[in-house]
Amino acid sequence: MRRIGILGGTFDPPHLAHLAAAEAARQDLDLDEVWFVPAGAPPHKRARRVSPKRVRLALLRAALAGTRGFRTRVDEVERRGTSYTVDTLERLNGAHPDVEWWLVIGTDMLADLPNWRRPERVLELAGVAAVPRPGFAARWPRRLRRRRFRVVDMPELSISSTDLRARARRGASIRYLVPLGVERLIRRRKLYGAHSGGKRA
Ligand code: ATP
Ligand code: MG
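Everything quoted here is computed from the prediction, not taken from an experiment.

**Topic: a positive patch on the surface**
Next up, step 1: Among the surface-exposed residues, Arg54, Arg184, Arg188 and Arg189 lie close enough to one another that they form a single positively charged patch.
Next up, step 2: Position of arginine 54 among the secondary structure elements: in helix α2 (residues 53-64).

**Some details on the side chain of arginine 56**
Next up, step 1: Secondary-structure assignment places arginine 56 in helix α2.
Next up, step 2: Within the buried set, arginine 56 has no salt-bridge partner at all; the shortest N-O distance to an opposite charge, 5.1 Å, is to aspartate 12.
Next up, step 3: Within the local environment of arginine 56, its side chain forms a polar contact with the backbone oxygen of threonine 10, the two atoms lying 3.1 Å apart.
Next up, step 4: The contact partners of arginine 56, leaving out residues within four places of it in the chain, are Thr10, Phe11, Asp12, Pro38, Ala39, Gly40, Val50 and Ser51.

**Quick look at the site of ligand 1**
Next up, step 1: Lining the immediate surroundings of ligand 1 are 23 residues, of which Asp108, Arg133, Leu157, Ser161 and Thr162 lie closest.
Next up, step 2: Contact distances for ligand 1 include 3.1 Å between an oxygen atom and a backbone N or O atom of phenylalanine 11.
Next up, step 3: Aspartate 108 is positioned with one of its side-chain polar atoms (N or O) 2.6 Å from an oxygen atom of ligand 1.
Next up, step 4: Its residues assigned to classes, the shell around ligand 1 shows 9 nonpolar, 9 polar and 5 charged.

**Some details on the nonpolar core**
Next up, step 1: Residues Ile6, Leu89, Trp101, Leu103, Leu110, Leu113 and Val128 are the most contacted members of the largest nonpolar core, which totals 23 residues.
Next up, step 2: The set of elements that each furnish at least two residues to this core consists of β1 (2-9), β2 (33-38), α3 (85-95), β4 (99-106), α5 (119-125) and β5 (126-131).
Next up, step 3: A per-element tally of this core places β4 first, with 4 residues.
Next up, step 4: With sequence-adjacent residues up to four places away left out, tryptophan 101 is seen in contact with Ile4, Ile6, Trp35, Leu89, Leu92, Asn93, His96, Leu125, Ala126, Gly127 and Arg148.
Next up, step 5: Counting 20 residues, the second-largest nonpolar core is a separate cluster that includes Leu19, Val34, Ala129 and Met154.

About the criteria used
Residues numbered from 1 in each chain as written. Chains lettered and ligands numbered in written order. Predicted model: local features only at pLDDT ≥ 70, side-chain atom pairs only at ≥ 80, totals over all residues. Heavy atoms only, no water. Patch = residues over 30% accessible without salt bridge, like charges linked within 9 Å, V, L, I, M, F, W, Y side chains within 5 Å. Areas by Shrake-Rupley, 256 points an atom, 1.4 Å probe, with all protein chains shown as cover. Salt bridge = Lys/Arg side-chain N within 4 Å of Asp/Glu carboxyl O. Lys, Arg positive; Asp, Glu negative; His and termini not counted. Charge placed at Lys NZ, Arg CZ, Asp CG, Glu CD. Helix = DSSP H or I, 4+ residues; strand = E, 2+ residues; numbered from the N terminus. Buried < 20%, exposed > 50% of the residue type's maximum accessible area, 1.4 Å probe, protein only. Polar contact = N/O pair within 3.5 Å; in protein donor to acceptor, adjacent residues only side chain to side chain. Contact = heavy atoms within 4.5 Å. Near = heavy atom within 4 Å. Nonpolar A, V, L, I, M, F, W, Y, C, P; charged D, E, K, R; others polar. Core = buried A, V, L, I, M, F, W, Y, C linked by side-chain atoms within 4.5 Å.

Below you can see the structure in the form of C-alpha cells.
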C-alpha cells in the first residue's frame, strides 16, 4: 500500500518551513510522496486578499522544482468556490483507493481541526501528521475522538507566509527563508508590493 502525505495550504508564498515539514513527515511516516495541495478559496482566509491562484501555483511549482517525491496537485485550485479538505480527500481516495493518506498539518491548524467541515470523516480518510509550529502545542484536539495521530520530528521554525509578505513589501530580504526560485519570482514579478530596488544584493 502506498502512503501519501497531503500538505494543504495557501502557499502565499511557499517557504522553507513547508518543505521542511513535508520532508520530516516523509521521513517519519515513511511516505512515498507528499502532495502539496494549494487551496482555491481557502475557507479560513476569506478575510484577507489571497494572491491569484495562478500566482500561487507558479510560486509553488518554483518551490518544488528539483525536489524528489513532492508534487503539486491542482485539485483545489481548479475547482470553483471554497475547498474543503473532506471533499478533496473523498475525491483523492475515490481515485486512489489503494493509498493510505496522511494529512500533514502545522500544529496551528491542528487546534482548528474540530472546526473543519466533517472532521470525523476527515479522520476516517486520513491520519494526521502534526508538524510543530512555535506557539502551538502538538496536542490532539480534545473535542475529537483520537485516531491515527503522529507528531513529526522537526525543529520549530518561525517562518510564515504572513511575515514573508510583510518583508517583501518593505524591501527586506527573504533569501534563505524561501527557495531561491521563489525569491526570484517574487522579485521579478514584484509580488506583495515588493520593492524593486534597495536592500538586496
Ligand atoms: P499564512 O501566514 O499566510 O497563514 P503560513 O506560513 O501559515 O501562511 P500556510 O499556507 O497557511 O502557510 O500553511 C500551510 C500548512 O503548512 C499549514 O498546515 C501550516 O500549519 C503549515 N505551516 C506553515 N508554516 C509552518 C511552520 N513554520 N512550521 C510548521 N508548519 C507550518
Ligand atoms: Mg497559515
